[in-house]
Amino acid sequence: MNKMGWFKNFLKDNFYILKVRDRFNAQTQIGQRQLFVKYLRWKSKGELPPLSESGFRVFSQYEEDGLLLYIFSAIGMKNKTFVEIGSDDGINSNCANLAFNFGYHGLFLDGNEKSIKRGRKFYSKYPHPWMYAPKFKCAKVTAENINDLVAEAGLSGEIDLLSIDIDGNDYWVWKALETVQPNVVIIETHVEFGMRDIVVPYDPNYSFPGKHPVYHGASPKAMVKLGKEKGYRLVGANQLGFNFIFVKNGLGEEHMPEVSVESVLQHPSVEESWKRFEPIKDWEFISGDEAKN
């Protein structure tokens, strides 16, 4: 069996149909460690498979767990820290797998008090003996308070991962965040906006669904512009195309070059989603260039 055949079968057998009760068992952890070592060997030989083929789900909502493991295999796990904004309970999240299976620690930040309470209880019930428990903070996140919220949690400077999914001011919160400098950013974009370069104007009081459930956030092209402004390149996305993944320039470029917006928006659901833009097409938007100011 060739490398790609082994790789796809390994992911399918170990992670694609993972049950909730199996998230913590030794087989799951050993399987990921084996895959991590495989990536390191392939990287040393210049034979890494495509990032787009590496997705699997353990804790993440979609296949982000696998994509992130691949990325950190390629660029290295620096200080094993994260900030997840819009984490809900921190269980079905983009950072949970790294926390439980690779010893990461950091901050889960969400505006739902019940979710935060549930997350604290869950992480107190299922810690590893060597696990440094993550911090939980309940707050409504805005561009004005994000730096203080992160600093109050004791995080600053370089971190491995920033995840943002707040169904609203995602673009503006990333733009404002300066307390930490993540090596990898995963952030939700609005594929419904198509190939337009547009951002919904900032509203610190916004709460989903607002005036219309699609009227918030930024288009893929606008988000890529923001990423470039902050020193990041787009390297991939989940299969449905709405969670964009950025890596800091200078890290792993030989293994993960910049990809185009169009290349990560190939799923059939993307074009179908454009129809949801029609009811708001004449509403107020600004361009990515205007949003820089």
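So, here is what we can say about the structure in this document.

What follows is about the overall build of the protein. Of regular secondary structure, the protein possesses 10 helices and 7 strands. Taking 2.2 N^0.38 as the reference for a compact globule, 293 residues should give roughly 19 Å; the C-alpha atoms of the protein span a radius of gyration of 19 Å, in line with that estimate. Along the longest, intermediate and shortest principal axes, the C-alpha atoms of the protein span 55 × 40 × 35 Å. Out of the 293 residues belonging to the protein, those deemed buried represent 53%. Long-range pairs, those at least 24 residues apart, make up 71% of the contacts in the protein with a sequence separation of at least 6.

Turning to the pattern of salt bridges, a few remarks are in order. Where charged atoms from two side chains of opposite charge come close, those side chains can pair. For the structure on display, the rule yields 10 salt bridges. Put simply, Glu192 and Arg276 hold a salt bridge, and the shortest N to O gap is 3.3 Å. Of this pair, Glu192 sits in the loop between strand S5 (180-188) and helix H8 (220-229) while Arg276 sits in the loop between helix H9 (268-273) and helix H10 (288-291), placing them 84 residues apart in sequence. Note that Lys225 is salt-bridged to Asp289, the shortest N-O span being 3.2 Å. With Lys225 in helix H8 and Asp289 in helix H10, the pair connects residues that are 64 residues apart, well separated along the chain.

One can find Glu188 in strand S5. In this structure, Glu188 is buried with no salt-bridge partner, the nearest side chain bearing the opposite charge being Arg276 at 9.6 Å. Apart from the residues lying within four places of it in its own chain, the contact partners of Glu188 are Ile164, Asp165, Asp167, Asp170, Met223, Phe242 and Asn243.

Glancing now at the sheet that holds strand S6 (residues 232-237). Sheet strands line up and pair through hydrogen bonds in the backbone, either parallel or antiparallel. Pairing is mixed across the open sheet formed by 7 strands, whose spatial order is S3-S2-S1-S4-S5-S7-S6. Two strands in the sheet have a free side with no partner beyond their single neighbour: strand S3 (135-138) and S6. If you compare each strand with its neighbour and ignore which way they point, the axes differ by 20 degrees on average. With 4 bridges joining them, strand S2 (residues 105-110) and S3 adopt parallel strand pairing. What sits directly across from Leu109, in S3, is Lys137. Along the sheet, helix H3 (residues 64-75) makes contact with strand S4 (157-164), S5, S6 and strand S7 (243-248), crossing S5 at roughly 150 degrees. Packed onto the sheet, helix H5 (residues 113-125) meets S2 and S3 and runs at close to 165 degrees relative to S3.

Turning our attention to the packing of aromatic side chains. Applying the stated criterion across every chain, the model contains 23 aromatic pairs. Each ring, one from Phe108 and one from Phe136, has its centre 5.2 Å from the other, and the planes form 35 degrees; the classification is tilted. Here Phe136 lies in strand S3 and Phe108 lies in strand S2, a separation of 28 residues in the sequence. Judged by its relative accessible area of 0%, Phe108 is buried.

Right, let's talk about the pairing of S4 for a bit. In terms of residue burial, S4 counts as a mostly covered element, since 6 of its 8 residues are buried. Two strands pair when backbone bridges link them, and strand S1 (residues 81-85) and S4 are joined in this way by 4 bridges, in the parallel orientation. By the bridge assignment for S4, Phe82 is matched with Leu161. Two strands pair when backbone bridges link them, and S4 and S5 are joined in this way by 7 bridges, in the parallel orientation. Considered in S5, the bridge of Glu158 is made with Gln181. Following the chain from S4 across helix H7 (residues 170-176) to the adjacent parallel S5, one finds a crossover that is right-handed.

Here Asn101 lies in helix H4 (residues 96-102). Among the residues examined, Asn101 registers a relative accessible area of 1% and is labelled buried. At 2.8 Å, the side chain of Asn101 forms a polar contact with the side chain of Asn97. Leave out the neighbours within four places in its chain, and Asn101 touches Arg23, Thr28, Gln29, Gln32, Arg33, Val58 and Phe59.

On to the packing of helix H2 (residues 26-45) against H3, then. Relative to each other, H2 and H3 sit at 45 degrees, their axes nearing to 9 Å. On the basis of their axis angle, the class for H2 and H3 is oblique. Judged by the sense of rotation from one axis to the other, the crossing of H2 with H3 is right-handed. Contact with H2, carried on its side by Gln32, Leu35, Phe36, Tyr39, Leu40 and Lys43, involves Leu69, Tyr70, Phe72, Ser73 and Ala74 of H3 and no other residues of that element. Classifying every residue of the contact of H2 with H3 gives 8 nonpolar, 2 polar and 1 charged.

Our focus in this paragraph is the pairing of S7. Counting buried positions over the 6 residues of S7 gives 5, a clear majority of the element. As defined by bridge partners, S6 adjoins S7 across 5 bridges and the pair is classed as antiparallel. Across the sheet, Tyr232 pairs through a bridge with Lys248, a residue of S7. Taking the residues that link successive antiparallel strands as the turn, the S6-S7 hairpin has 5 residues, and the phi of Gly241 there is positive, at about 85 degrees.

Calculation rules
- Residues numbered from 1 in each chain as written.
- Predicted model: local features only at pLDDT ≥ 70, side-chain atom pairs only at ≥ 80, totals over all residues.
- Heavy atoms only, no water.
- Helix = DSSP H or I, 4+ residues; strand = E, 2+ residues; numbered from the N terminus.
- Rg over C-alpha atoms; globule rule 2.2 N^0.38 Å.
- Buried < 20%, exposed > 50% of the residue type's maximum accessible area, 1.4 Å probe, protein only.
- Contact = heavy atoms within 4.5 Å.
- Salt bridge = Lys/Arg side-chain N within 4 Å of Asp/Glu carboxyl O.
- Lys, Arg positive; Asp, Glu negative; His and termini not counted.
- Pairing = 2+ DSSP bridges.
- Axes fitted to C-alpha atoms, helices over the stretch in contact; angles between N-to-C directions.
- Phe/Tyr/Trp six-rings, centres within 6.5 Å; stacked < 30°, edge-to-face > 60°.
- Right-handed = clockwise from strand over helix to strand, strands pointing away.
- Polar contact = N/O pair within 3.5 Å; in protein donor to acceptor, adjacent residues only side chain to side chain.
- Parallel < 35°, antiparallel > 145°, perpendicular 65-115°, else oblique.
- Left-handed = near helix turned anticlockwise from the far one by under 90°.
- Nonpolar A, V, L, I, M, F, W, Y, C, P; charged D, E, K, R; others polar.

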